[in-house]
Amino acid sequence: MSKEYNETYNRVYNFSAGPAVLPEEVLKEAAAEMLDYEGSGMSVMEMSHRSKVYDKIIKDAEADLRDLMNIPDNYKVLFLQGGASQQFAMIPMNLMKNRKAAYIVTGQWAKKAFQEAKIYGEAVEVASSADKTFSYIPDCADLPIPEDADYVYICENNTIYGTKFKTLPNTKGHTLVADVSSCFLSEPVDVTKYGVIYGGVQKNVGPAGVVIVIIREDLITEDTLPGTPTMLKYKTHADADSLYNTPPAYGIYICGKVFKWLKKMGGLSAIKEHNEKKAKILYDFLDESALFKGTVRKEDRSLMNVPFVTGSEELDAKFVKEATAAGFVNLKGHRTVGGMRASIYNAMPIEGVEKLVDFMREFEKNNG
Ligand SMILES: *Cc1c(COP(=O)(O)O)cnc(C)c1O
């Protein structure tokens, strides 16, 4: 850090689903380095992405991510743009050699990816939890996956509905592709079980504008669908180590700081423990409350996104309003589902959840 940054601010507890809370330590460091990054005399925003200084930033970020996730050498790490939504198209464009893929539809993001894939080939919905408003993860032990499917696609943590795959689907030998936007780096993962893991970083890792793609090398080929733009080929970015064109340079720098913060916290096993402790405080309260109820089947509950309702739209609105006034912000559920949702990503401190539960208890007493 170049200079101490000791200003104090009136920070709220931000339960936004994304862009979301980041570690205060990271924000302070970035603030201290804003005008002069490590003696370069400029901000990271102002420097060439081809400079030596920046090269170290992006290389360190990749090395720290590899270290955290234990990413094997035969996987590439790509820092791309276009958000998670652009991957909905990039995946079929690059991976649909047989023009066929299996999709497990467990929420809106999975559905959007499924619909996008239909533009490029035969996307087959092999399982869905739409029958119960996506409040559970379907049994994926023996799905009717077409023999010639190029991959099986999941959204591993469903940000809007608050469900999470606790066991990965049986892909019957097919390549697994997973959108992990809202559970990225929240717990250890076995990268070798996946062909592609990707996520927009604005949920749990950094500022909007970066999407990280971790992809097994054999899936990176010239053999993309006809008409695939250069910028949408994984090979373009893999060959250039994510520097084919100007990358989202400042965003990657912040992600790198978050990786270092996670390592300091003890890595992904430690952060998982921290996340479980946090989520338990909220879920235990929801299970005992006479007013608030969780909306997700217990065994499928996400550690990151916790939707809940009072059963009355009026009370929901009153709660959100009073919570906001008390400094607990962005608790309104997604516009398509209503109710409330507390997103409690890595950077949300335990005391944020404890205080929220105290507030909910008090609200229940006054409105029960
Ligand atoms: C937010 C989100 C997306 C969309 O991300 P963008 O970066 O806005 O395209 C996709 N998938 C999941 C699981 C998300 O939470």
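Quick caveat: nothing in here was measured; it's all calculated off a predicted structure.

### Digging into empty space enclosed by the protein
- Applying the stated criterion across every chain yields a total of two cavities of 30 Å³ or more.
- Within this model, the largest cavity holds a volume of roughly 40 Å³.
- Every residue along the wall of the largest cavity is listed here: Asn157, Lys164, Cys183, Ser186, Glu187, Ser302, Leu303 and Met304.
- Here the residues of the lining of the largest cavity sort into three nonpolar, three polar and two charged.
- Taken as a whole, the second largest cavity spans an internal volume of roughly 30 Å³.
- Grouping the constituent residues of the lining of the second largest cavity by class yields six nonpolar, two polar and no charged.

### Side note on the site of the ligand
- Neighbouring residues of the ligand: Gly83, Ala84, Ser85, Phe88, Trp109, Cys155, Asn157, Thr159, Asp179, Ser181, Gln202 and Lys203.
- Within the side chain of Ser85, an N or O atom sits 2.6 Å from an oxygen atom of the ligand.
- Asp179 is positioned such that a nitrogen or oxygen atom in its side chain is 2.6 Å from a nitrogen atom of the ligand.
- The element best represented in the shell around the ligand is helix α3 (residues 83–95), accounting for four residues.
- Here the shell around the ligand is composed, by residue class, of four nonpolar, six polar and two charged.

### Quick word on the sheet that holds strand β3 (residues 100–105)
- The strand order across the open sheet built from seven strands is β2-β10-β9-β8-β5-β3-β4, with neighbouring strands paired in mixed fashion. Two strands in the sheet have a free side with no partner beyond their single neighbour: β2 (75–80) and β4 (122–128). When strand polarity is set aside, the average angle formed by the axes of neighbouring strands in this sheet is 20°.
- Pairing geometry for strand β5 (residues 151–155) and strand β8 (residues 175–179), over five bridges, is parallel. Each bridged residue has a counterpart across the sheet, and for Tyr151 the counterpart in β8 is Thr175.
- Its contacts with the sheet place helix α2 (residues 52–69) against β2, β9 (196–200) and β10 (211–216), and it is angled at close to 130° to β2.
- Sheet strands touched by α3: β2, β3, β5, β8, β9 and β10. Its angle to β9, the strand with the most contacts, is close to 155°.

Parameters at a glance
- Residues numbered from 1 in each chain as written.
- Predicted model: local features only at pLDDT ≥ 70, side-chain atom pairs only at ≥ 80, totals over all residues.
- Heavy atoms only, no water.
- 1 Å grid on protein atoms, 1.4 Å probe; cavity = no way out; pocket = protein on both sides within 12 Å on 5 of 7 lines; lining within 4 Å.
- Points joined across faces, edges and corners; volume = space filled by probe spheres on them.
- Nonpolar A, V, L, I, M, F, W, Y, C, P; charged D, E, K, R; others polar.
- Near = heavy atom within 4 Å.
- Polar contact = N/O pair within 3.5 Å; in protein donor to acceptor, adjacent residues only side chain to side chain.
- Helix = DSSP H or I, 4+ residues; strand = E, 2+ residues; numbered from the N terminus.
- Pairing = 2+ DSSP bridges.
- Axes fitted to C-alpha atoms, helices over the stretch in contact; angles between N-to-C directions.
- Contact = heavy atoms within 4.5 Å.

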